[in-house]
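An overview of the molecular structure
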Amino acid sequence: MQLLNLYNCLPAYMLISALLFSFGVYGLIIRRTVIGMLISAELILAAAATNFMAFNRFLAPDPTIGQVFALFIMAIAAAEAAIAISIMIAVYRNYKSIDTDDLVDLQR
Amino acid sequence: MQTIICQPATTPALFTAEGVVGVIFLVTIAMVVIGGLIAVHAQRLVRAVAGLALCFTGLAGVYYFLLSPIVAMMQLLIYVGAVSVLIVLGIMLASPEEAAPVDEKPTTDIKHRSVLAGPLAASIAGLLFASLAILGLKTQWQVFPREGEGDIHAVGITLLTTHGMVFELISIVLVMAIIGALVLAQRGRN
């Protein structure tokens, strides 16, 4: 496995996917606002889609299923982003903030 | 015994067409990694969204290298074109960080968290990455013989025959998401 043939090797794609997933988890823990957490969640979904695409290219007998599944993941992620943004706007109207520290009414 | 799956396994020289393709792949990987780092680490959320767009552009290149131009195209269209713009719109509508008064520092995202949060998050993410990488590298993957091409034609046929039911369900989910987003955004208005 040499550096210039990396695009034909399965572990390269799996490492990209693992890296994106860990970035997403890191962001989910470290972010304070809901939008920052949404960005991290998008990274996690993209990592899952990348893994599906890599296995589809290298291992799967029928090389269309992974592509179809990646398209489904994209559709679900777009729907999720739209819902999350609208929830955020509704929350901002009531609380004047999207910081997760201000949204703790249930704890009191 | 451990085999690393490379198809084909020949390494090209630098100044051939395949070598230049390998260099372009390294550039796309760098785009993904740098964009991801900006997306989770930028103080301003707008910069984080820009990093997200960069990361997803690089990912579209990765999908192109995985022999799937249709998914790469959809990645550019949906993620870079729609989701990033949607998040920017959400920041403009809901985030007060840009409108802070001049005398006080504008509130940023990663500031004033607990001291332990950064090292804790980094160690958890590092452990996850290490375990996933070991899992991916050590597993003995089994390669099945290929049936079919996997080009756009085959993807379209599979999408509308084998997975036609799921395709319709996805469209129902999207319609519900649109209606739900409209209702939610209107309900909060006083």
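Higher on the page you've got the structure.
This report concerns the structure included in the present document. Small disclaimer: the values here were computed from a predicted structure and weren't measured.

A look at the nonpolar core
With 67 residues, the main nonpolar core has A:Tyr13, A:Leu43, B:Phe25, B:Tyr63 and B:Ile87 as its most contacted residues. If you list the elements that add at least two residues to this core, you get helix H1 (10-30), helix H2 (34-58) and helix H3 (65-95) of chain A together with helix H1 (17-41), helix H2 (45-65), helix H3 (69-94), helix H4 (117-138) and helix H5 (152-160) of chain B. If you tally residues by element for this core, the top one is H3(A), at 14 residues. The residues that make up this core include at least three from each of domain 1 (1-99) and domain 2 (150-190) of chain B. If near-sequence neighbours (up to four positions away) are discounted, B:Ile87 is found in contact with A:Ile35, A:Leu38, A:Ile39, A:Ile85, B:Val49 and B:Leu52.

Remarks on the packing of H2(A) against H1(B)
It is at 9 Å that the axes of H2(A) and H1(B) come closest, and there the two elements cross at 150 degrees. Classified by the interaxial angle, the pair formed by H2(A) and H1(B) is roughly antiparallel. Facing A:Ile39, A:Ser40 and A:Leu43 of H2(A), the residues of H1(B) in contact are B:Gly36, B:Ala39 and B:Val40. For the contact of H2(A) with H1(B), the residue count by class is four nonpolar, two polar and no charged.

Topic: the interface of chain B and chain A
Contact with chain B, which involves 102 residues of that partner, is made by 80 residues of chain A. Between chain B and chain A, roughly 7800 Å² of surface is buried when both sides are summed, and carbon and sulfur atoms account for 76% of that area. The tally of links from chain B across to chain A stands at zero salt bridges. The tally of links from chain B across to chain A stands at 10 residue pairs in polar contact (both at pLDDT 80 or more). At the level of secondary structure, the elements contributing two or more residues to the side of chain B that touches chain A comprise H1, H2, H3, H4, H5 and helix H6 (164-187) of chain B. Counting residues per element, the side of chain B that touches chain A draws most heavily on H1(B), at 16 residues.

Definitions and limits used
Residues numbered from 1 in each chain as written. Chains lettered and ligands numbered in written order. Predicted model: local features only at pLDDT ≥ 70, side-chain atom pairs only at ≥ 80, totals over all residues. Heavy atoms only, no water. Core = buried A, V, L, I, M, F, W, Y, C linked by side-chain atoms within 4.5 Å. Buried < 20%, exposed > 50% of the residue type's maximum accessible area, 1.4 Å probe, protein only. Helix = DSSP H or I, 4+ residues; strand = E, 2+ residues; numbered from the N terminus. Domains from an automatic or database assignment. Contact = heavy atoms within 4.5 Å. Axes fitted to C-alpha atoms, helices over the stretch in contact; angles between N-to-C directions. Parallel < 35°, antiparallel > 145°, perpendicular 65-115°, else oblique. Nonpolar A, V, L, I, M, F, W, Y, C, P; charged D, E, K, R; others polar. Buried area = accessible area lost by both parts, 1.4 Å probe. Salt bridge = Lys/Arg side-chain N within 4 Å of Asp/Glu carboxyl O. Polar contact = N/O pair within 3.5 Å; in protein donor to acceptor, adjacent residues only side chain to side chain.

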